[in-house]
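The lines below spell out each chain.
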Amino acid sequence: MTRTTASTMAKPTYREFKQLNLAEIDQEILAFWKERNTFQQSIDQRDPEHSFVFYEGPPSANGKPGIHHVMARTVKDLFCRYNTLKGYRVERKGGWDTHGLPVELQVEKELGITKEDIGKSITVDQYNAACRSTVLRYKDLWDDITRKMGYWVDLEHPYITFDNHYIESCWHLLRTLYDKRTPAGDSFLYKGFTIQPFSPAAGTGLSSHELNLPGCYKEVTDISAIAMFKVRREDRSAFLFEDEQEDVRILAWTTTPWTLPSNVALTVGPKINYVKVRTVSPYTGDPVSLVLAQDRLSAYFDPAGEGQPIDAYAPSDKILPYALAGTWTGNDLVGLRYEQLLPYVTSPDLEERGFRVIPGDFVTTEDGTGVVHTAPYFGADDFRACVANDVPFIGIPDDRGVIQPLVDRQGRFVDEMGEFAGMYVKPEYYPDDVRSQKDFKPTDLLIALKLKDDNKAFKIEKYKHNYPHCWRTDKPVLYYPLDSWFIRASAAKERMAELNRTINWKPAHTGTGRFGVWLQNLQDWNLSRTRYWGIPLPIWRTEDGDLEICIGSIEQLQKEIDMANKVLKLDQHVPNDLHRPYIDEIILVSHDGRPMHREADLIDVWFDSGSMPYAQWHYPFENEETFRRNYPADFIAEGVDQTRGWFYTLHAIATMCFDSVAYKNVVSNGLVLDKEGNKMSKSKGNVVDPFETINTYGADATRWYMMANADPWENLKFDEAGLLEVRNKYFGTLFNTYNFFALYANLDGFVNTSDDQVPYADRPELDRWILSKLHSLVRDVRRHFDDYEPTKALRALENFVDRHLSNWYVRLARRRFWRGEMSEDKRSAYQTLYECLMVVAQLSAPAAPFFSDWLYQNLTRSATDAGQPDSVHLTDLYEADTQRIDTDLETRMEYAQRICSLALSIRKREKLRVRLPLQKVMLPVLDSSFIQQVDGVKDLILSEINVKAIEYVTDADGLLVKQAKANFKTLGKRLGKDMKAAADQIAAFSNEQINALEANGSLALTINGVEHAITPEDLVITTEDLPGWKTASEEGLTVALDVHLTDELLAEGTARDLVNRIQNQRKEQDFDVTDRIRIRIQDEDHIRSAVAAFGQHIQEETLADALVVEARVTEGIQVELSDELTAIIHVERV
RNA sequence: AGUCUCGUAGCUCAGUUGGUUAGAGCGCUACACUGAUAAUGUAGAGGUCGGCAGUUCAAAUCUGCCCGAGACUACCA
């Protein structure tokens, strides 16, 4: 045997490795990418007009990156790399989100200040400077994780939301909205007020985010009151009254009695049934008729009281006497007017249009009375209901005639509130020393007591419920009307829903469900934030608010400043920094010559990030062409928590400003939890450090695990054991397969080139099979990636590498690599395995960019066809060659695998080791194509299970015992109820009946007197075990082994055992794979017969120049050949 | 509180338009195999498919209610 060995070659073509070290591979490939500028190349080599557009949702760099960022960014990177391979130009501009509350909070914490200090102990200027310096604090850490995890994104030229250019683009969008009109002529950017959470103690409004901070909702005990609202007697209400004296009142419940003086309406559910009961007022005993929801009656009236005489009641009695006196729907009650409950403040307008019953969908009968006391300034639902029903607000008009609430911004009743004037509406707002006084009574209680005294209370009691508190002052929040600037998103909601239906959501239910429902109930977007560090609202107004201007560009600002300078005799310039406080100092002028000041608000940071498609390019002031090519996005991805965040703001701005979607495909990934399924949090100490994980297991194992373990939109229970499994199972197997290839390719001097490929048709069955599987894999993986189904794609790859490539192809083809000299068969094996490795490297590249590139480079670097790219990420994705997908062949091989598996299980059961050859295997045949199929893979089966021959057993042999089972799928539809009886009959079919059915193609079955025609398709036929044989079967396939042993078979078995033990010796003694040896074996009967018959074979297999059997081999080693047999062997190098 | 998602072996997950023995990997036990060896094969143990009811000849799969987990939205008076 002549063979070029590694030692005689100058340099092996393919690198070989001792063991897999993914972290080391990361380093090697990172250095390579850096040196060759591979990322940039992968973009530059593609045509700008053939682009796949990706938007990076900007992270905030004032916090450290966590493992969940690795998750989100793996999804992003994967599809960007995949589409790059497909030939698209995928530009990936990075970005930083720099504004917002978390930044302010962190600064305040570090400086030890609160909002109250701003403008006092610290200037806005200093405060904002502190914010600016902190927002990119962890940029280095972020850059580092980005690089280490292999996330390709352009961090050299990121967009930054605090940048003047970025702000200018946002201003342009705001101006666009300001100019845009609804059909009714309303602007899309307007000032209005809504009911918002407000903390009087802190003097500031709170965002919903602040309200969702942990611990904000606390269980508190408040005083609740059911008030009795006296119905006015007039034509409209006549139906409620039975006689002149009747006192009819509507019951309404509240947990905030302090809002009762502000009551202007009672809201009922239009479809809810209401009853009138004649009863008494519990506190006074006066007769009264009460209206409440029928469903709530039993909550307040004990049935024992029904029909009891009313005049017998005394105020201390437990049971109220009552009598039902009519039922109406809410609709019937709508329009009824009632007397104001606590008439401190009123107006002619209110008397005219207020104090009446209105309808509302939000009313339920779960608690209360089914009637909602409605105070528009102190409840969002109340406010909407009043606006919708044209009920005026109650309050005191200010200088400009705007009606102000009866509670001021400190949380106190206004002066007009009589004996309540100046009282805080919540006890917590009083100083502690006041509250701790003995006779202190909360305002709620005082109001309740007044109602009681006035005979306006039905019931007063304590009530426990959850109520939001200000996270800063720990005092209860008030819902309070606040001025705000709004984007009229509700006017575009139909169009948003329409465009949303064209977006491909992953998973789909996020788009149709969570996002779709959200769009249906869309409210206007509250843009205002009363803060310091953010994009200033570019609107200037005169003091009375009559005239205003919205600035849409620096150029326009310059012009307006010039004009103001001229008219107002000022010397102002466009500030170098568009943030507060500089922008606040700018005074513009109205066309009638009055000064205009900037509205003090900043805009919601979500507007910043939703503007990124435009602002990242400073559109429309620059880069118009770049913008056009990069809009809208083909693909974005973020966590599912962004559904109402970034996903929404992108969509809203695109719809309103451009009548377009902002993205066509969107993947929302789930949360990363710890392995128990708990949320990761610093306080629990279960946070996974992404740097540590990547250093230990490598970036690829981390990425692969996250994508393959479960769909990315499911929550991931992050478990390190899973990383280890991925490392061993996928990368380990692939590594072994490559190393195997490299070892023998180097020995044989094999180099893969495109010009001497063995023609496909000439390749052996096994090669054509794995190639068929490979091209099926290409097709499947492409389809899954195209569908944004990374998990399915990766699992297909895992299945291929593990089951097909490693455990079948390489195992069966192994001998072809190490036996003999280079031949066409051998070359075919090398080329086939090479192709598999190359394609797998490429298909894995989007998910595992490091290992894949390493594998690709090992396969190509020193032995490459000219012009081959130097990185897998610069290649063009393979197309599935459908010519090579041979489903017949795949079926054949599946037969082979299953037959082998069954045969091996018989060997195991019968304790017949695989090295012991057997005479034959028998296969019962049920259809003719079976023989043809199995014959195609006959040799593989025989060698794999070490059997000499296959014998097919057909009907004609008279050995087959068939068993029929009903095919429920075909029969069930036709037979319905008779199915069970039919199944029983079919199961009892004899061989003859089955054969008759097969011969005639039909059979009549009588069930319950009805005849049904049965065809062969209606049966599933299997064979029972062959009598007298050792058999195994599963799912219609039966295998029988001839276990009869001859001397020759035994000798051959022993010979094989000897080969194996000798090979083990070679290995233990560290012989080179090509070393020649000399063997001596101690004489025994079984040894002698084995060597006599198979000595030649043993020598060939073990590269032995000599094989001698001696009476005594003293220096030999004793080895066990089987349970009974041993041998003493000595092996030495020649 | 509402909306949505999820609940299948000890763990992580598959399970097609409903079809009769509910699968895989990991882990565990036993035995093999190995010139790829931190692998691999075979066999075994391990399931009231969250619970209850319904539709159907037939339900892990469809419907309703309930329980549990999570996310989002929430002052429902």
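Residues numbered from 1 in each chain as written. Chains lettered and ligands numbered in written order. Predicted model: local features only at pLDDT ≥ 70, side-chain atom pairs only at ≥ 80, totals over all residues. Heavy atoms only, no water.

A. Spatial organisation of the overall build of chain A. Scanning chain A from N- to C-terminus turns up 36 helices and 40 strands. Since a compact globule built from 1134 residues should have a radius of gyration of about 32 Å, the 42 Å found for chain A marks it as more spread out than a globular shape. Projected onto its principal axes, the C-alpha positions of chain A cover 125 × 90 × 60 Å. For chain A, buried positions account for 54% of its 1134 residues. Side-chain charges of chain A comprise 131 positive and 172 negative groups, with the mean position of each set lying 2 Å from the other. (Helix = DSSP H or I, 4+ residues; strand = E, 2+ residues; numbered from the N terminus. Rg over C-alpha atoms; globule rule 2.2 N^0.38 Å. Buried < 20%, exposed > 50% of the residue type's maximum accessible area, 1.4 Å probe, protein only. Lys, Arg positive; Asp, Glu negative; His and termini not counted. Charge placed at Lys NZ, Arg CZ, Asp CG, Glu CD.)

B. Here's a closer look at the sheet that holds strand β17 (residues 504-506). Read from one edge of the open sheet, three strands run β17-β26-β25, paired in parallel fashion. Strands with a single pairing partner mark the edges of an open sheet, and in this sheet they are β17 and β25 (633-639). Between one strand axis and the next, the sheet turns by 15° as a mean value, whatever way the strands run. Across six bridges, β25 lies against strand β26 (residues 663-669) in parallel orientation. From the neighbouring strand, Glu 638 faces β26, where its bridge partner is Ser 668. Its contacts with the sheet place helix α16 (residues 508-520) against β17 and β26, and it is angled at close to 100° to β17. (Pairing = 2+ DSSP bridges. Axes fitted to C-alpha atoms, helices over the stretch in contact; angles between N-to-C directions. Contact = heavy atoms within 4.5 Å.)

C. Layout of the pairing of strand β9 (residues 287-293). Burial analysis of β9 places six of its seven residues in the buried class, which makes it a mostly covered element. Here strand β6 (residues 248-254) runs beside β9; their pairing, made up of three bridges, is parallel. Pairing of Arg 249 across the sheet is with Leu 290, part of β9. Taken together, the seven bridges between strand β8 (residues 273-280) and β9 define a ladder with antiparallel strand orientation.

D. Quick look at the packing of helix α24 (residues 720-748) against helix α26 (residues 790-818). For the pair α24 and α26, interaxial distance at closest approach is 10 Å and the crossing angle is 25°. On the basis of the axis angle, α24 is roughly parallel to α26. The two elements α24 and α26 cross, and the hand of that crossing is left-handed. Where α24 approaches α26, its residues Lys 729, Tyr 730, Thr 733, Leu 734, Thr 737, Phe 740, Tyr 744 and Asp 748 are matched on the opposing element by Leu 797, Glu 798, Val 801, Asp 802, Leu 805, Ser 806, Val 810, Arg 814, Phe 817 and Trp 818. When the residues that make up the contact of α24 with α26 are grouped by side-chain class, the tally is ten nonpolar, three polar and five charged. (Parallel < 35°, antiparallel > 145°, perpendicular 65-115°, else oblique. Left-handed = near helix turned anticlockwise from the far one by under 90°. Nonpolar A, V, L, I, M, F, W, Y, C, P; charged D, E, K, R; others polar.)

E. Just the pattern of salt bridges, in detail. Within this structure, the stated rule accounts for 70 salt bridges. For Glu 28, the salt bridge is made with Arg 15, and the minimal N-O distance between the two is 2.7 Å. Of this pair, Glu 28 sits in helix α1 (residues 22-36) while Arg 15 sits in the segment before α1; the two residues are 13 residues apart in sequence, bridging distant segments of the chain. On the basis of relative accessible area, Arg 15 is assigned to the partly exposed category, the value being 29%. The partner of Lys 948 in a salt bridge is Glu 1052, and the shortest N-O contact between them spans 2.7 Å. (Salt bridge = Lys/Arg side-chain N within 4 Å of Asp/Glu carboxyl O.)

F. The arrangement of the nonpolar core in detail. By size, the foremost hydrophobic cluster in this structure holds 137 residues, and its most contacted members are Trp 704, Met 706, Phe 718, Phe 741, Tyr 809 and Phe 851. Aside from chain neighbours lying at most four places away, what touches Phe 741 is Tyr 14, Phe 750, Tyr 830, Leu 833, Tyr 834, Leu 837 and Leu 859. By size, the runner-up hydrophobic cluster in this structure holds 65 residues, among which are Val 53, Leu 519, Leu 588 and Cys 657. (Core = buried A, V, L, I, M, F, W, Y, C linked by side-chain atoms within 4.5 Å.)

G. Examining the environment of Trp 854 more closely. Position of Trp 854 among the secondary structure elements: in helix α28 (residues 849-860). Taking the C-alpha atoms as reference points, Trp 854 and Tyr 730, 124 residues apart in sequence, are found 15 Å from one another. If we ignore the near neighbours within four places in the chain, the residues touching Trp 854 are Arg 15, Phe 17, Ile 25, Glu 28, Ile 29 and Phe 735.

H. Focus on the packing of aromatic side chains. Counted according to the given criterion, the structure contains 67 aromatic pairs. Ring centres 4.9 Å apart and planes at 50° place the aromatic pair Tyr 82 and Phe 785 in the tilted group. With Tyr 82 in helix α3 (residues 67-85) and Phe 785 in helix α25 (residues 765-786), the pair connects residues that are 703 residues apart, well separated along the chain. Grouping residues by exposure puts Tyr 82 and Phe 785 together as buried. With centroids separated by 5.7 Å and ring planes inclined at 75°, the aromatic side chains of Trp 704 and Phe 731 adopt a geometry described as edge-to-face. With a gap of 27 residues between them, Trp 704 in helix α23 (residues 699-708) and Phe 731 in helix α24 connect regions that are remote in the sequence. (Phe/Tyr/Trp six-rings, centres within 6.5 Å; stacked < 30°, edge-to-face > 60°.)

I. Broad picture of the sheet that holds strand β38 (residues 1104-1110). Read across the open sheet, the four strands follow the order β38-β37-β40-β39; overall the sheet is mixed. Across the chains shown, the open sheet's two edge strands, defined by having one partner strand only, are β38 and β39 (1117-1120). Strand-to-strand twist in this sheet, taken as the mean axis angle between neighbours without regard to direction, amounts to 30°. Sheet strands in contact with helix α35 (residues 1047-1068) are β37 (1077-1082), β39 and β40 (1126-1133), and its direction is about 45° off that of β40. Packed on one face of the sheet, helix α36 (residues 1085-1102) meets β37, β38 and β40 and runs near 165° to β38.

J. Representation of unusual backbone geometry within the structure. Cis geometry marks the peptide bond from Lys 506 to Pro 507; its omega dihedral reads -5°. Relative to the helices and strands, Pro 507 is located in the loop between β17 and α16. A positive phi angle, near 55°, is found at His 618, a position not held by glycine. Its place among the elements puts His 618 in the loop between α19 (612-615) and α20 (624-629).

K. The arrangement of helix α29 (residues 887-909) in detail. In a regular helix each residue adds 1.5 Å, so 23 residues correspond to 33 Å; α29 covers 33 Å between its end C-alpha atoms and thus fits that length. Regarding α29, the residues found buried are Leu 889, Glu 890, Arg 892, Met 893, Ala 896, Gln 897, Ile 899, Cys 900, Leu 902, Ala 903, Ile 906 and Arg 907. With a side-chain oxygen positioned 3.1 Å from the backbone nitrogen of Asp 888, the residue opening α29 is Asp 886. (Expected span 1.5 Å × (residues − 1). Polar contact = N/O pair within 3.5 Å; in protein donor to acceptor, adjacent residues only side chain to side chain.)

L. Inspection of the pairing of β6 at higher detail. Among the seven residues that make up β6, seven are buried, leaving the element largely enclosed by the rest of the structure. Across the two faces of β6 the burial is the same, with Val 248, Ile 250, Ala 252 and Thr 254 and Arg 249, Leu 251 and Trp 253 all buried.

M. Quick peek at the protein's contact with RNA strand B. Around RNA strand B there are 60 residues in total, and Gly 379, Arg 644, Arg 915, Phe 968 and Val 1073 lie nearest to it. Here a sugar or linking oxygen of RNA strand B and a side-chain polar atom of Asn 709 are 2.3 Å apart. Between a base nitrogen of RNA strand B and a side-chain N or O atom of Arg 814, the distance comes to 3.3 Å. In terms of residue class, the surface near RNA strand B is built from 16 nonpolar, 21 polar and 23 charged. (Near = heavy atom within 4 Å.)

N. Representation of the confidence of the model for chain A within the structure. For chain A, the mean per-residue pLDDT works out to 85, and 96% of the residues sit at or above 70. Low pLDDT, under 50, characterises residues 1-10; the predicted model gives this stretch 19 contacts beyond four residues in sequence or across chains. Across the whole predicted complex the pTM is 0.85, and at the interface the ipTM reaches 0.88. (pLDDT = per-residue confidence, 0-100.)

O. Representation of the side chain of Ser 42 within the structure. Checked against the element boundaries, Ser 42 lands in helix α2 (residues 38-44). Non-local contacts of Ser 42, meaning those with residues more than four positions away in its chain, are made with Thr 84, Arg 92, Trp 152, His 873 and Leu 874.

P. Quick look at the packing of α29 against helix α30 (residues 928-936). Axis separation between α29 and α30 bottoms out at 8 Å; the angle between their running directions is 80°. Taken together, the axes of α29 and α30 lie roughly perpendicular to each other. Seen from α29, the contacting residues are Asp 888, Thr 891, Arg 892, Tyr 895 and Ile 899; seen from α30, they are Phe 930, Gln 933, Val 934 and Gly 936. When the residues that make up the contact of α29 with α30 are grouped by side-chain class, the tally is four nonpolar, three polar and two charged.

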